[in-house]
Amino acid sequence: MLIAIDHGNKQMKTIHSKPFVSGLMESITRPFGSNILEYQGKFYTLSNQRIPYKRDKTEDDRFFILTLFGIAEELHLKERYGEEVVHIALAVGLPPAHYGAQNQSFIRYFSNRGINFQYRDNPYTIYIEDVRCYPQAFAAAVTMMDRLLDKPRVLIVDIGGFTADYLMMRSGRADLSICDSLENGVILLYNRIRTKANSEFDILLEETDIDGILKDGESTYAPKVSSLVENLAQDFVNDLANSLRERMLDLMSGMVVFVGGGAILLRRQIEASGKVGNPLFVEDINANAKGYEFLYKMETAGR
């Protein structure tokens, strides 16, 4: 069974299940609740407090446990639980700038693992028999390749939790000489907003509060707080556009495709910036995961 998972610093995404925050709580005793994963004598629940940024996600088992949650959710939807072993092919990805150095270790992190665990009191027995890794941003772009094939130059910008990845495509082919990952994702924006709100208004904003203001333009907070969030978000988008321009990337000509949860969150600010001539937004937050699945099928076709 093929399962594609996007390991975001802010959220974990699969194709069919709802995205969840990349945060974990671990306990040696069973906690209260129903969405509990039991593995190797420990109990895990998801948390809204995300794991601090990790450039190398293989440093410990936390992202592996998060992967088990993603796999379990996909299997649960298909009612594939029980004692029978489910053989898993796993499609994953990394930021373009990290891909060359980390893709083999990321593959080894998941490969050839036979695992027994319980989730929602159902037993799961899986064996991860094949793992393939692909570049983020490019993976999201392939989900809309029919709209890009005839374009001579398309810049893909994937705004994620900690990185903003960019990749140039020419007539539907990736130009790997023009790609990079800037440590300029929305987590940096959250930290700026929380620090400023605390110092100026003595308010402890949570990331979900900031999301609510930016998504809806409305909140229960005072107008001055909402204004602070909106202004800092606009500054953040302007700074990102300027950083891309410094790398000789022209956002005013050609098509610029924005993907990722950060781009969806900041769409109003991107459109209002006046720095992007022809923006196109991929609203599907699962686009990278869908791209991983597509690329895996293309790579293994005819095996």
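All of the points below concern the structure found in this document. Just so it is clear, the model here is predicted, and its values are computed rather than measured. Along every chain, residues carry numbers that run from 1 in the direction the sequence is written. pLDDT decides what is reported in this predicted model: residues at 70 or higher carry local features, side-chain atom pairs at 80 or more are listed and counted, and totals for whole chains, interfaces and linings draw on all residues regardless. Excluding hydrogens and water, the side-chain figures rest on all heavy atoms present in the structure.

With respect to unusual backbone geometry
Selection rule: Elements are defined by DSSP. Helices are runs of H or I of four residues or more, strands are runs of E of two residues or more, and each kind is numbered from the N terminus. Exposed residues in this analysis have more than 50% of their type's maximum accessible area, buried residues have under 20%, and partly exposed residues fall in between, with area computed by a 1.4 Å probe over protein chains only.
Positive phi, close to 50 degrees, is recorded for Arg-120, a residue that is not glycine. Within the secondary structure, Arg-120 is located in the loop between β8 (113-119) and β9 (122-135). Classification of Arg-120 as partly exposed rests on a relative accessible area of 28%.

A few points about the environment of Leu-249
Definition in use: By definition in these notes, contact holds between two residues if any of their heavy atoms fall within 4.5 Å.
For Leu-249, the location among the structural elements is in the loop between α6 (223-246) and β13 (255-259). Owing to a relative accessible area of 4%, Leu-249 belongs among the buried residues under this scheme. Here the alpha-carbon distance between Leu-249 and Tyr-124, two residues 125 residues apart in the chain, equals 48 Å. If we ignore the near neighbours within four places in the chain, the residues touching Leu-249 are Leu-155, Tyr-166, Met-168, Ile-178 and Leu-244.

Some words on empty space enclosed by the protein
Put simply, the rule is: In the cavity and pocket records, a cavity denotes points on a 1 Å grid over the protein atoms alone where a 1.4 Å probe fits but cannot get out, a pocket denotes an open set with protein on both sides within 12 Å along at least 5 of 7 lines, and lining residues are residues with an atom within 4 Å of a point. Grid points are joined across faces, edges and corners, and a volume is the space filled by probe spheres set on the points. Note on residue categories: nonpolar means Ala, Val, Leu, Ile, Met, Phe, Trp, Tyr, Cys or Pro, charged means Asp, Glu, Lys or Arg, and polar means any other residue, Gly included.
In total, this model carries 1 cavity of 30 Å³ or more according to the counting rule given. As for the largest cavity, its lining consists of Val-237, Leu-240, Ala-241, Leu-244, Leu-251, Phe-258, Ile-270, Ser-273 and Val-276. With 4 residues, α6 is the largest single contributor of residues to the lining of the largest cavity. Of the residues contributing to the lining of the largest cavity, the split by class is 8 nonpolar, 1 polar and no charged.

Re the pairing of strand β10 (residues 154-159)
As a reminder of what qualifies: We call two strands paired when DSSP finds no fewer than two bridges between them.
Among the 6 residues of β10, 6 are classified as buried, and the element is accordingly described as predominantly covered. With burial as the criterion, each face of β10 is covered, one bearing Val-154, Ile-156 and Asp-158 and the other bearing Leu-155, Val-157 and Ile-159. Bridge count for β10 against strand β11 (residues 164-170) is 6 bridges, and the pairing is antiparallel. Bridging from a neighbouring strand, Asp-158 pairs with Asp-165 of β11.

Side note on the packing of aromatic side chains
For clarity, the threshold we go by: Here is the rule: rings of Phe, Tyr and Trp (six-membered ring for Trp) pair when centre to centre is within 6.5 Å. Planes less than 30 degrees apart are stacked, more than 60 are edge-to-face, and the remainder are tilted. The criterion for a charge sitting over a ring is simple: Lys NZ or Arg CZ within 6 Å of the ring centre, and within 35 degrees of the ring normal.
As enumerated under the stated definition, the model contains 11 aromatic pairs in all. Plain terms: the ring middles of Tyr-53 and Phe-162 are 3.5 Å apart, the flat faces sit at 10 degrees to each other, and that makes the pair stacked. Placement of Tyr-53 in the loop between β6 (42-46) and α1 (62-77) and of Phe-162 in the loop between β10 and β11 is noted, with a sequence separation of 109 residues between them. With a centroid separation of 4.9 Å and 70 degrees between ring planes, the pair formed by Tyr-109 and Phe-110 is classed as edge-to-face. Grouping residues by exposure puts Tyr-109 and Phe-110 together as buried. Here Arg-113 stacks its cationic end above the ring of Phe-64, 3.8 Å away from the centre of that ring.

The values are spatial; any link to function lies outside them.
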